[in-house]
Amino acid sequence: GKALINLLQLKPDEKVRTAVRVEGEFDTERYFLFSTKMGRVKRTALDQFTNIRANGLIAINLNDGDELVGVRLTHAGQHAILAVRSGKSIRFPVEDARSMGRSAAGVKGIELGSADDAVVSLVIVDAEDDGKLLCVTERGYGKLTTLDEYRVQGRGGKGIITIKTSSRNGSVVGQRPVDETDEVMIITRKGIVIRTSVEGISTMGRNTQGVKLINQDEGDVVSTIARVASVSDLEEDGDASDEAPTDVPA
């Protein structure tokens, strides 16, 4: 590969958070939905990113101490699910985050329960999706929960439990929508990677701690999870995976 510093004019304190593939025209029917560590969200029309300068464009203004967590391409009729470190999540229609310009700071997506809590992942699902959501914690525990257990709420609320966190399983690392034909990759901070079939992960209710998915060395924690595309996805897209592993604890 080539160092990104040769392609992008990054400042010394800047890091790439997300790579988003965009097919077709940069139109007004699709939007980027941004989420931040402090629970803010913002939706901006895709056409506002048509002409990007070599040194980039402002995509969102961040408050002091805040960081970008994720960006997803969305359209009408989809729902956003934000998951936070303490084990809660909130699901709301993407239209609840009104369209704003690039320089706006956004609106509240979820109310955090404490000063040390933080958003760790942003997931987009179709409103009628009847699939499952994989939730993984830093001590290597995880579970599947059906999406119908996540009721639609108004943006900005406290959310509901997505997994019961404790000293046994640790804080939430992230969530991913998955099918039983998928596989997932779980990566630890020390660089250990496992690949496992979704079919072998237990389906449980929201208020449970999950089961052990990966064994870790002393002091190591899970940092990233990524869904590996199913065979049908590969046949349709010719792509190796549907999304980059972007959700890393702050």
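An account of the accompanying structure is given in this report. Counting restarts for each chain: residues are numbered from 1 in the order of the written sequence. For a predicted model such as this one, the threshold for reporting local features is a pLDDT of at least 70, and the threshold for listing and counting side-chain atom pairs is 80 or more; totals across whole chains, interfaces and linings nevertheless cover every residue. Only hydrogens and water are set aside when side-chain values are computed; all heavy atoms of the structure are taken into account.

Looking now at the overall build of the chain. Within the chain, the secondary structure is distributed over one helix and 15 strands. Viewed in the frame of its principal axes, the chain has a C-alpha envelope of about 45 × 40 × 40 Å. Throughout this description, buried means an accessible area under 20% of the type-specific maximum (1.4 Å probe, protein chains only), exposed means over 50%, and partly exposed covers the range between. Going through the 250 residues of the chain one by one, you find that 42% of them count as buried. Contact between two residues is taken to exist if any of their heavy atoms lie within 4.5 Å; hydrogens are not considered. Looking at the chain alone, contacts between residues at least 24 apart form 73% of all its contacts between residues at least 6 apart. In the chain, which carries 33 positive and 38 negative side-chain charges, the distance between the mean positions of the two groups comes to 8 Å. Runs of H or I in DSSP of at least four residues are treated as helices and runs of E of at least two as strands, each being numbered from the N terminus. His residues and chain termini do not enter the charge count, which takes Lys and Arg as positive and Asp and Glu as negative. In this description, the location of a charge corresponds to atom NZ of lysine, CZ of arginine, CG of aspartate or CD of glutamate.

Before going further, it helps to spend a moment on the environment of Asp130. As for its placement among the helices and strands, Asp130 is situated in the loop between strand S7 (119–126) and strand S8 (132–137). The sequence separation of Asp130 and Glu149 amounts to 19 residues, and the corresponding C-alpha distance is 10.0 Å.

Here the nonpolar core consists of buried residues drawn from Ala, Val, Leu, Ile, Met, Phe, Trp, Tyr and Cys, with membership extended through side-chain atoms lying within 4.5 Å. Counting residues in hydrophobic clusters, the biggest one holds 16 residues, and the most contacted among them are Leu33, Ala80 and Leu82. Elements represented by at least two residues in this core include exactly strand S4 (78–84), strand S5 (88–93) and S7. In contact with Leu82, other than residues within four places in its own chain, are Ser35, Val41, Lys88, Ser89, Ile90, Phe92, Gly109, Ile110, Val119, Ser121 and Leu122. Membership of the second largest hydrophobic core comes to 13 residues, among which are Leu134, Val178, Val184 and Ile225.

Another point: the sheet that holds strand S15 (residues 222–228). What the three strands build is an open sheet, ordered S13-S12-S15; its pairing is antiparallel. Taken across any chain shown, the strands that pair with only one partner, and hence form the sheet edges, are strand S13 (193–197) and S15. Neighbour to neighbour, the strand axes of the sheet diverge by 20 degrees on average, direction disregarded. Whether two strands pair depends on DSSP finding at least two bridges between them. Taken together, the six bridges between strand S12 (residues 183–188) and S15 define a ladder with antiparallel strand orientation. Each residue of the ladder has a partner; that of Ile187, found in S15, is Thr224. Inter-axis angles, ranging from 0 to 180 degrees, are taken between N-to-C directions of lines fitted to C-alpha atoms, where helices are fitted over the stretch in contact.

Summarising burial for S7: seven of the eight residues are buried, a large majority. Strand direction decides the pairing type here: S4 and S7, joined by seven bridges, are antiparallel. Paired with Ala80 across the strands is Ile124, a residue of S7.

Quick look at the packing of aromatic side chains now. Under the pairing criterion, centres of Phe, Tyr and Trp rings, with the six-membered ring standing for Trp, must be within 6.5 Å; the plane angle then separates stacked pairs below 30 degrees from edge-to-face pairs above 60, leaving the rest tilted. Counted under the stated rule, the structure contains three aromatic pairs. Summarising the aromatic geometry, the rings of Phe32 and Phe34 are spaced 6.3 Å apart at their centres and angled 70 degrees between planes, so their arrangement reads as edge-to-face. Look at Phe32 and you get buried, because its relative accessible area is 10%. Between Phe32 and Phe49, the aromatic rings sit 5.2 Å apart at their centres with planes inclined by 75 degrees, giving edge-to-face as the arrangement. Here Phe49 lies in the loop between strand S2 (40–45) and strand S3 (68–75) and Phe32 lies in strand S1 (residues 30–36), a separation of 17 residues in the sequence. Three or more aromatic residues joined by ring pairs form one cluster here, namely Phe32, Phe34 and Phe49. Lying across the ring of Phe34, Lys42 places its NZ or CZ 5.2 Å from the centre. Remark: a charge is flagged as sitting over a ring if the NZ atom of Lys or the CZ atom of Arg is within 6 Å of the ring centre and within 35 degrees of the ring normal.

A few words on a nonpolar patch on the surface. Grouping into patches uses exposed residues only, defined as over 30% relative accessible area, and leaves out salt-bridged ones; the cut-off is 9 Å for like charges and 5 Å for nonpolar side chains (Val, Leu, Ile, Met, Phe, Trp, Tyr). All accessible areas in this document rest on Shrake-Rupley with a 1.4 Å probe, and a residue is counted as covered only by the protein chains that are shown. By salt bridge we mean one thing: a side-chain nitrogen of Lys or Arg within 4 Å of a carboxyl oxygen of Asp or Glu. On the surface, Leu4, Leu7, Leu8 and Val16 cluster together into a nonpolar patch covering about 340 Å² of accessible area. In this structure, Val16 sits in the segment before S1.

To continue, consider the environment of Cys135. As for its position among the elements, Cys135 is in strand S8. The sequence separation of Cys135 and Asn6 amounts to 129 residues, and the corresponding C-alpha distance is 36 Å.

Assignment of secondary structure puts Ser35 in strand S1. Beyond its immediate sequence surroundings of up to four residues, Ser35 is in contact with Arg40, Val41, Glu67, Leu68, Val69, Gly70, Leu82 and Leu122.

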